[in-house]
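# Coordinates in review
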Amino acid sequence: QVQLVESGGGLVQAGGSLKLSCAASGRTFSSSAMGWFRQAPGKDREFVATINRFGTTYYTDSVKGRFTISRDNAKNTVYLQMNSLKPEDTAVYYCVADAGTYNIRAGLADYWGQGTQVTVSS
């Protein structure tokens, strides 16, 4: 079992930055792919970013150049640095984990956190 706990969400003005953290339990963190999803009110869940165990990253087009996903295997933590935030980035952000990035990008990750709210005001 893997438990994921997100933190770092909050309210920020457009153009600002936030850094989300996701602390993972379990001894398999270093071999797991990790990622972030988001869900805005009234919208479908959306893939944001993923990072595999080698550090290779992939982003959805709308966040490329603004968001950076990273991981610290010593701390069992994955991060999402979000810069140049826009009101359309407002959503609940979920940390996810799976054996591979394919499942994550398909929305089929085995493990999901409870989510953290990010609100960007205009």
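Provided above is the structure to which this section pertains.
Residues numbered from 1 in each chain as written. Predicted model: local features only at pLDDT ≥ 70, side-chain atom pairs only at ≥ 80, totals over all residues. Heavy atoms only, no water.

Quick look at the sheet that holds strand β8 (residues 77-82) now. Within the open sheet, the four strands sit side by side as β1-β3-β8-β7. Their pairing is antiparallel. For this open sheet the edge positions go to β1 (4-7) and β7 (67-72), each flanked by a neighbour on one side alone. Put simply, the sheet's adjacent strands are angled 15° from each other on average, direction ignored. In this structure, β1 lies alongside strand β3 (residues 18-24), joined through four bridges in antiparallel fashion. (Pairing = 2+ DSSP bridges. Helix = DSSP H or I, 4+ residues; strand = E, 2+ residues; numbered from the N terminus. Axes fitted to C-alpha atoms, helices over the stretch in contact; angles between N-to-C directions.)

Another point: the pairing of β3. Here β3 lies mainly inside the structure; five of its seven residues are buried. Where β3 meets β8, six bridges bridge the pair, whose relative direction is antiparallel. Following the sheet pairing, C22 is matched in β8 by V78. (Buried < 20%, exposed > 50% of the residue type's maximum accessible area, 1.4 Å probe, protein only.)

Structurally, T77 is set in strand β8. Note on T77: relative accessible area 10%, which makes it buried. In this structure the side chain of T77 is engaged in a polar contact, spanning 2.8 Å, whose partner is the backbone oxygen of K75. In this view, T77 contacts S21, C22, A23, F29, S70, R71 and D72; residues no more than four positions away in its chain are not counted. (Polar contact = N/O pair within 3.5 Å; in protein donor to acceptor, adjacent residues only side chain to side chain. Contact = heavy atoms within 4.5 Å.)

Looking now at the side chain of R66. With respect to the helices and strands, the residue R66 is situated in the loop between β6 (57-59) and β7. Classification of R66 as buried rests on a relative accessible area of 10%. Engagement of the side chain of R66 in a polar contact is seen with the backbone oxygen of S84, the distance being 3.0 Å. At 2.8 Å, the side chain of R66 forms a polar contact with the side chain of D89.

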